[in-house]
Amino acid sequence: DRYGRHRVGLIIGTSTSSIGRTEEAYRHLDSDSQLAPAYLQPRVHNAHSPSDFLAYKHGIDGPTMTISTACSSSAKVFASAARWLNQGLVDAVLVGGVDTLCMSVIHGFNSLELTAPEPCKPFDRQRRGISIGEAAAFALLERTTDRPVAWLHGYGESTDAYHMSHPHPDGLGAEMAMTQAMRMAGVDAKHIDGINLHGTASQANDRIEAAVLQKLFTKQTLASSTKGWTGHTLGAAGSVEAIIAINALQTGFFPGTMNLEQTDPEIHFPISQENSDGSFKYVMSNSFGFGGNNCSLLFGANE
């Protein structure tokens, strides 16, 4: 109503997209090993299907894009949307992340020996892997508003391409994403009040992310993982956790790391176990994906 449907864009991040429907289609092949009529859905069996559906559902006629960079997918949507707005391509962008459980992902992470047999325990000395979750989360980005919920002050993206599934041992890509976000915002690390960590509860990820925190931030910065609350929602995690960060700016509630009982002795940066209440001006959200696809978002409170 404010901008016109051609001036509103849409960017969705996902990793599973509609794979579950495709798996179901292959389980119901006909006698000639062809897709049954009910599954002849070319607009469903592709990675762009969530964006295609949402654009149709909401009558959006502006540019539409799907980002699939593993677990950083729906953090990167904020960065891409900001670029669209800054270039004047659109006046508003609906962004978000959507992922649903499917057997390809469940078996895939299990084959990598990354799934925990119990609820995940980020940064804990007895952590044994991730808990896979599913979610959908959305936000509306506009160039200017009278009273925004929060400001996206900066973002940082990197692709270190160190390994298909293992983060760079020195966290070079993660460090690059975080420092880029702060540099864009013009905010020093000592002014970051809280960080929603990627913190998946895998052995390597937690140890490496904590080492980067120790290098960049002071111990006054609250840092926690919310994967114990939500599970690892994969392609939706970036948007889910961005909204948790924005909520901290709005409400002053910063969630602790659920299921963290005793921090790994190899981790020397303080990880928040308990929930905190306070006044937050800047909160960062980290999302790091397979292949070294990293993204950090820096949000600021509306003043």
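Our subject is the structure that appears above.
In what follows, the accompanying structure is described. In this text, all values refer to a predicted model and were calculated from it rather than measured experimentally. (Residues numbered from 1 in each chain as written. Predicted model: local features only at pLDDT ≥ 70, side-chain atom pairs only at ≥ 80, totals over all residues. Heavy atoms only, no water.)

**Observations regarding the environment of Tyr282**
How we decide: Secondary structure is summarised from DSSP: a helix means a run of H or I of at least four residues, a strand means a run of E of at least two, and numbering begins at the N terminus for each. Three labels apply to residues, based on accessible area from a 1.4 Å probe with only protein chains included: buried if under 20% of the type maximum, exposed if over 50%, partly exposed otherwise in between. Contact between two residues is taken to exist if any of their heavy atoms lie within 4.5 Å; hydrogens are not considered.
Take Tyr282: it is sitting in strand 10 (residues 282-289). Note on Tyr282: relative accessible area 15%, which makes it buried. Separated by 132 residues in sequence, Tyr282 and Ala150 place their C-alpha atoms 9.8 Å apart. Not counting residues within four places of it along the chain, the set of residues in contact with Tyr282 comprises His153, Val187, His191, Ile192, Asp193, Gly194, Leu249, Leu298, Phe299 and Gly300.

**What about the packing of helix 5 (residues 172-185) against helix 6 (residues 203-216)?**
The test is simple: Angles here are taken between N-to-C directions and fall from 0 to 180 degrees, while the axes themselves are lines fitted to C-alpha atoms, restricted in helices to the stretch in contact. An angle below 35 degrees is treated as roughly parallel, one above 145 as roughly antiparallel, one from 65 to 115 as roughly perpendicular, and anything else as oblique. A clockwise turn of the near helix away from the far one marks a right-handed crossing, whereas an anticlockwise turn of less than a right angle marks a left-handed crossing. Three classes are used, and their members are as follows: Ala, Val, Leu, Ile, Met, Phe, Trp, Tyr, Cys and Pro are nonpolar, Asp, Glu, Lys and Arg are charged, and the others, Gly among them, are polar.
At a minimum axis distance of 9 Å, the contact between helix 5 and helix 6 shows a crossing angle of 40 degrees. In terms of axis orientation, helix 5 runs oblique to helix 6. The crossing of helix 5 and helix 6 is right-handed. For the pair formed by helix 5 and helix 6, the contact residues are Glu175, Met178 and Thr179 on the first element and Val212, Leu213, Lys215 and Leu216 on the second. Among the residues forming the contact of helix 5 with helix 6, the class breakdown is four nonpolar, one polar and two charged.

**A short note on the side chain of Arg127**
Put simply, the rule is: We call two N or O atoms a polar contact when they sit within 3.5 Å, provided that within protein one can donate a hydrogen and the other can accept it, with sequence-adjacent residues counted only if both atoms are side-chain atoms.
Here Arg127 lies in the loop between helix 4 (103-111) and strand 4 (135-142). With relative accessibility at 2%, the residue Arg127 sits in the buried group. Reaching out from Arg127, the side chain makes a polar contact with the backbone oxygen of Ser202 at a distance of 3.2 Å. At 2.8 Å, the side chain of Arg127 and the backbone oxygen of Gln203 are in polar contact. Residue contacts for Arg127: discarding those within four places in its chain leaves Lys121, Ala201, Ser202, Gln203, Asp206, Arg207, Asp264 and Ile267.

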